[in-house]
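Structural overview for review
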Amino acid sequence: MKFNTKTIHGGQHNVDPAYGAVMPPIYQTSTYSQTTPGGHKGYEYSRSGNPTRTALENAFASLENGKFGLAFSSGLAAIDAVLKLLKPGDEVVSTNDLYGGSYRLFTKIYQDFGIKFHFVGMQDASAIEKHINKNTKLLWVETPTNPMMNIIDIKACAVLSKKHNLLLAVDNTFATPYLQQPLEIGADIVMHSATKYLGGHSDVVIGALIVKDEKLAERLYFIQNASGAVCGPQDSFLVLRGIKTLHIRMQRHCENGKAIAEYLTSHPKIEKVYWPGLPSHPNHEIAKKQMKDFGGMISFTTKGNIMADAIKVVERLKIFTLAESLGGVESLAGHPASMTHASIPKVEREKTGVVDSLIRLSVGIEDIDDLIADLKQALG
Ligand code: P1T
């Protein structure tokens with residue numbers, strides 16, 4: 001089955017043997033009747049499993065060419081489950097430019113449980129190996145990175161993870177499986193904040209993990225059930241519905257992203273534009289190699305690096321909404337230094353380029369003329 005068919009049908013056959021409903025029914029139940037203790041039809045309690053969630057988990061697995069999907073109550077809950085594979089004394093090499101909430105989970109929670117994190121500019125693959133030692137267990141990759149849009153070579157990371165017997169996890173939230181499928185090029189775990197492009201409509205918070213290896217899937221399922229950060233059936237249904245249009249939404253996100261990146265590049269008040277599709281992007285060649293197109297996420301800085309200027313721009317936008325999050329049909333704008341990445345100390349975030357004048361756009365699927373006109377008036 002090709003990708004554009006998988007978004008609609010992947011993992012969804014025989015979802016409703018009872019009445020043949022085309023969409024998986026929302027099984028709004030916490031528990032299931034048993035004829036004798038343990039005598040049930042595959043489900044006993046909705047933390048352990050729910051048929052609507054199963055349909056979503058199967059869809060996740062199909063989209064990423066994995067064998068097993070797991071759905072969580074948020075993207076961070078999915079990351080949390082991966083970290084629970086580790087033990088005190090274990091070490092993780094992670095990219096130094098990543099979602100602020102992931103950084104906060106690593107440094108403010110798991111560091112206190114004795115796990116050591118090394119934050120490295122992973123777009124330079126040769127820098128990674130220097131931080132690997134006998135305690136290293138996990139490479140945590142986010143590509144494109146949030147918000148600097150660095151591209152990390154997944155294949156190069158897979159070579160390292162095999163050489164040193166590490167797990168390689170890729171946060172595929174920005175790219176989505178429409179643009180890249182990390183399991184196909186050697187990753188062990190793919191993670192998503194399905195809150196974003198997979199859901200696609202800014203109406204739900206959900207996380208995903210997808211793997212191929214059965215033993216790893218069993219361990220993650222054990223953690224999912226034992227820790228309990230599962231998503232409900234209504235939310236599962238919403239993401240299932242969103243996934244059906246992922247391919248056509250992504251196509252438009254990419255087209256609009258390209259037009260806006262080019263517009264911003266030529267604007268006299270803009271200093272730098274970060275979008276991996278621009279030939280001037282430092283990782284453009286890797287992006288071309290591992291991604292089908294370049295997505296709808298763009299960051300840029302205004303000239304002079306003055307925070308008040310950047311804030312004025314985001315406040316003036318009318319079609320772009322000033323808000324956290326990304327990946328919905330509607331365009332959003334954010335100011336990472338004071339919003340999504342405020343949990344990263346200023347000196348740390350500035351090292352990676354998250355300066356005070358940085359603005360992040362999640363380019364939606366509206367008419368491109370209206371989006372460019374909005375940016376023009378806000379920058380004017
Ligand atoms: O918000 P949640 O569903 O828990 O997902 C966390 C997360 C994980 N990984 C990446 C790359 C993310 O971008 C996020 C969430 N990000 C935002 C809310 C944001 O505005 O960047």
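As a convention, each chain's residues are numbered from 1 in the sequence order in which they are written. For a predicted model such as this one, the threshold for reporting local features is a pLDDT of at least 70, and the threshold for listing and counting side-chain atom pairs is 80 or more; totals across whole chains, interfaces and linings nevertheless cover every residue. Side-chain calculation: all heavy atoms of the structure are included, whereas hydrogens and water are not.

1. Observations concerning the side chain of Ser331
Test applied: By the criteria applied, helices consist of DSSP H or I runs no shorter than four residues and strands consist of E runs no shorter than two, each listed in order from the N terminus. Classification of residues uses two cut-offs on accessible area relative to the type maximum, computed with a 1.4 Å probe and protein chains only: under 20% is buried, over 50% is exposed, and between them is partly exposed. A 3.5 Å cut-off defines polar contacts: any pair of N or O atoms within that distance qualifies, except that in protein one atom must be a possible hydrogen donor and the other a possible acceptor, and neighbouring residues in sequence count only when both atoms are side-chain atoms. We call two residues in contact when some of their heavy atoms are within 4.5 Å.
Mapped onto the elements of the fold, Ser331 is located in the loop between strand S10 (321-322) and strand S11 (332-334). Its relative accessible area of 0% is what places Ser331 among the buried residues. Polar side-chain contacts of Ser331 include one of 2.7 Å to the backbone nitrogen of Gly364. Other than its neighbours up to four places away in sequence, Ser331 contacts Ile319, Phe320, Thr321, Ser362, Val363, Gly364, Glu366 and Leu371.

2. Examining helix H3 (residues 75-83)
Within H3, 8 of the 9 residues are buried, which leaves it mostly tucked inside the rest of the structure. For H3, the N-terminal cap is Ser74; the gap from its side-chain oxygen to the backbone nitrogen of Leu76 is 3.4 Å.

3. Some details on the site of the ligand
The line we're drawing: A single heavy atom is enough: if one lies within 4 Å of a molecule or strand, its residue is considered near that molecule or strand. Here the accessible surface of atoms and residues is derived via Shrake-Rupley with a 1.4 Å probe, and residues count as covered only by protein chains that are part of the display. Each residue is assigned to one of three groups, with Ala, Val, Leu, Ile, Met, Phe, Trp, Tyr, Cys and Pro labelled nonpolar, Asp, Glu, Lys and Arg labelled charged, and all others, Gly among them, labelled polar. The split into domains, and so the bounds of each, comes from an automatic or database assignment of domains.
Neighbouring the ligand are 19 residues; Asp171, Thr195, Lys196, Ser325 and Arg360 lie closest to it. Between Thr195 and the ligand, the recorded distance is 2.6 Å, taken from a side-chain N or O atom to an oxygen atom. Residue Ser325 places a main-chain N or O atom 2.7 Å away from an oxygen atom belonging to the ligand. For the ligand, whose accessible area on its own is 480 Å², the fraction buried by protein is 93%. Here the residues of the shell around the ligand sort into 6 nonpolar, 8 polar and 5 charged. No fewer than three residues from each of domain 1 (3-243) and domain 2 (246-379) sit in the shell around the ligand.

4. Comments concerning the pattern of salt bridges
Short version of the rule: One side-chain nitrogen of Lys or Arg within 4 Å of one carboxyl oxygen of Asp or Glu is enough to make a salt bridge.
Using the criterion set out here, one finds 14 salt bridges in the structure. A cluster of three or more residues bridged by salt bridges with shared partners is formed by Lys346, Arg349, Glu350 and Asp356.

5. What to know about a positive patch on the surface
Where we set the bar: Patches in this entry comprise residues that are over 30% relatively accessible and not in a salt bridge; like charges within 9 Å are linked, as are nonpolar side chains (Val, Leu, Ile, Met, Phe, Trp, Tyr) within 5 Å. Under the convention used here, Asp and Glu are negative, Lys and Arg are positive, and both His and the chain ends fall outside the count. Positions of charges follow a simple convention, taking NZ of Lys, CZ of Arg, CG of Asp or CD of Glu.
Judged by side-chain charge, Lys269, Lys312, Arg316 and Lys318 come together as a positively charged surface patch. Position of Lys318 relative to the elements: it lies in the loop between helix H12 (307-316) and S10. Its relative accessible area of 67% is what places Lys318 among the exposed residues.

6. Concerning the pairing of strand S6 (residues 189-193)
Applicable threshold: One requirement defines pairing of two strands: DSSP has to find at least two bridges between them.
Of all 5 residues in S6, 5 are buried, a share of seventy percent or more. Where strand S5 (residues 167-171) lies against S6, 3 bridges are found, and the strand directions are parallel. Following the sheet pairing, Ala169 is matched in S6 by Ile189. Here S6 runs beside strand S7 (residues 207-211); their pairing, made up of 5 bridges, is antiparallel. Its bridge partner lying in S7, Ile189 is registered against Val211.

7. Notes on the domain arrangement of the chain
Stated formally: Buried area counts how much accessible surface, traced with a 1.4 Å probe, disappears from two parts once they are put together, with both parts' losses summed.
Here the chain is partitioned into domain 1 (3-243) and domain 2 (246-379). Averaged C-alpha coordinates put domain 1 and domain 2 at centres separated by 25 Å. Interface of domain 1 and domain 2: buried area, both sides summed, is about 3500 Å²; carbon and sulfur atoms make up 62% of it. Per-residue buried area on domain 1 facing domain 2 is highest for Met148, Tyr178 and Tyr197; these three make up 23% of the total on that side. Scanning the region where domain 1 abuts domain 2 turns up 1 salt bridge. Where Lys289 meets Asp153, a salt bridge forms, and the shortest distance between an N and an O atom there is 3.3 Å. When contributions to the side of domain 1 that touches domain 2 are tallied by element, the ones reaching two or more residues are helix H1 (3-9), helix H4 (100-109), helix H6 (154-163), helix H7 (176-179) and helix H9 (233-243). The element best represented in the side of domain 1 that touches domain 2 is H4, accounting for 5 residues. Broken down by class, the residue content of the side of domain 1 that touches domain 2 amounts to 22 nonpolar, 17 polar and 6 charged.

8. A word on the nonpolar core
Side chains of a nonpolar character, in soluble globular proteins, are inclined to be buried together. Applied cut-off: We define a nonpolar core as any set of buried Ala, Val, Leu, Ile, Met, Phe, Trp, Tyr and Cys residues linked to one another through side-chain atoms lying within 4.5 Å.
The biggest cluster of nonpolar side chains holds 64 residues, and the ones touching the most others in it are Phe60, Ile260, Leu264 and Leu361. The greatest single-element share of this core, amounting to 7 residues, is contributed by helix H10 (residues 246-265). In terms of domain composition, this core takes at least three residues from each of domain 1 (3-243) and domain 2 (246-379). Discounting chain neighbours no more than four positions away, the residues touching Leu264 are Ile270, Val273, Ile298, Phe300, Leu361 and Leu379. Phe72, Leu105, Trp140 and Leu220 belong to the second-largest nonpolar core, a separate cluster that totals 30 residues.

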